[in-house]
Structure formats: C-alpha cells, structure tokens
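One-letter residues, chain by chain:
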Amino acid sequence: HLLSGLERATEDAITRLPKSKDGQMRDYGLRLWMINIKDLWERTTEAPFKRDITDSGDPVTPAACFCVAAFHLISPDYATTRILWEMRHCIRQS
C-alpha cells in the first residue's frame, strides 16, 4: 500500500510541475536526486554545497565533484554538463 501510494503521489506531483519552455527537457529524476543529495551533503559535511567549474566545464568544488562522481555511478553515460546544470538550479532554488 505504501509503495502504490508513493507511486500515485509521484505521478500526481509530476503532472503539476510547470511545463518547460524552449530548450532541454528537465530530468525530474535527476532533480529529485539532486535535492536529496544537497540535503545529505549539508547534513553530513561542513563544506558548502557550491558549484564552481573550470572554463571547460569540469567541476572544481568538493560538492560539485561529489555530485558528478556519485551520479555517474548511477548513470555512467550521463552528461556532466546536465548534472552540473541541475546542481546550479538546485542551489538557486534554495
């Protein structure tokens, strides 16, 4: 019952999310993952959840490096740029 309730709540929440404008579609799975990782990072470290990158788009800060490395364990072929873009969006929403 709990899992089916969670599934219904998730489906309902997704239908209420605003439609994206022009550009890439948001990856709501990555978005949810990033929100949870931000929470985990802030509860377990004293380092800020910051996203700094090099001119070539490589992560620099410990939080950014962690997010990229951790998500690549889940989905190795996922573009680093999309992970970092979602991280930036997550930070802006805080």
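The model shown is predicted, which means the values in this text are computed figures rather than measured ones.

(A) Inspection of the packing of aromatic side chains at higher detail. Applying the stated criterion across every chain, the model contains three aromatic pairs. Geometrically, the ring pair formed by W33 and F71 is edge-to-face, given 4.9 Å between the ring centres and 70 degrees between the ring planes. Of this pair, W33 sits in helix 2 (residues 28-44) while F71 sits in helix 3 (residues 62-74), and the two are 38 residues apart along the sequence. Judged by relative accessible area, W33 falls into the buried class, the value being 16%. Linked through ring pairs, W33, F71 and Y78 together constitute an aromatic cluster.

(B) How the structure looks around the side chain of T61. For T61, the location among the structural elements is in the loop between helix 2 and helix 3. A polar contact of 2.5 Å, which involves the side chain of T61, links it to the backbone oxygen of K50. Ignoring sequence-local partners within four residues, the contact set of T61 consists of K50, R51 and D52.

(C) Local environment of the nonpolar core. If you look at the biggest cluster of nonpolar residues, it comprises 17 residues, and the most contacted ones within it are W33, M34, F49, C67, I83 and M87. Going through the elements one at a time, helix 2, helix 3 and helix 4 (80-93) are the ones with two or more residues in this core. With six residues, the single largest contributor to this core is helix 3. The contacts of I83, once residues within four sequence positions are left out, are L30, M34, C67, V68, F71, H72 and Y78.

(D) Here's a closer look at the environment of I35. Here I35 lies in helix 2. Each C-alpha atom of the pair I35 and E86 lies 9.4 Å from the other, and the pair is 51 residues apart in sequence.

(E) Looking closely at the packing of helix 3 against helix 4. Closest axis-to-axis distance for the helix 3/helix 4 pair is 10 Å, and the angle between their directions is 125 degrees. Taken together, the axes of helix 3 and helix 4 lie oblique to each other. Like other packed secondary-structure pairs, helix 3 and helix 4 cross with a definite hand, here right-handed. Facing helix 3, whose interface residues are A63, A64, C67, V68, F71 and H72, helix 4 presents T80, I83, L84 and M87. Residues of the contact of helix 3 with helix 4, tallied by class, amount to eight nonpolar, two polar and no charged.

(F) Up close: the state of the cysteines. Using the criterion set out here, one finds zero disulfides in the structure. Looking at C65, it has no disulfide partner, and the nearest cysteine sulfur is the one in C67, 9.5 Å off. In this structure C65 comes out as partly exposed when scored by relative accessible area, which is 32%. Lacking any disulfide linkage, C90 is separated from the closest cysteine sulfur, that of C67, by 8.1 Å. The exposure class of C90 is buried, given its relative accessible area of 8%.

The rules behind the values
- Residues numbered from 1 in each chain as written.
- Predicted model: local features only at pLDDT ≥ 70, side-chain atom pairs only at ≥ 80, totals over all residues.
- Heavy atoms only, no water.
- Phe/Tyr/Trp six-rings, centres within 6.5 Å; stacked < 30°, edge-to-face > 60°.
- Helix = DSSP H or I, 4+ residues; strand = E, 2+ residues; numbered from the N terminus.
- Buried < 20%, exposed > 50% of the residue type's maximum accessible area, 1.4 Å probe, protein only.
- Polar contact = N/O pair within 3.5 Å; in protein donor to acceptor, adjacent residues only side chain to side chain.
- Contact = heavy atoms within 4.5 Å.
- Core = buried A, V, L, I, M, F, W, Y, C linked by side-chain atoms within 4.5 Å.
- Axes fitted to C-alpha atoms, helices over the stretch in contact; angles between N-to-C directions.
- Parallel < 35°, antiparallel > 145°, perpendicular 65-115°, else oblique.
- Left-handed = near helix turned anticlockwise from the far one by under 90°.
- Nonpolar A, V, L, I, M, F, W, Y, C, P; charged D, E, K, R; others polar.
- Disulfide = S-S within 2.5 Å.

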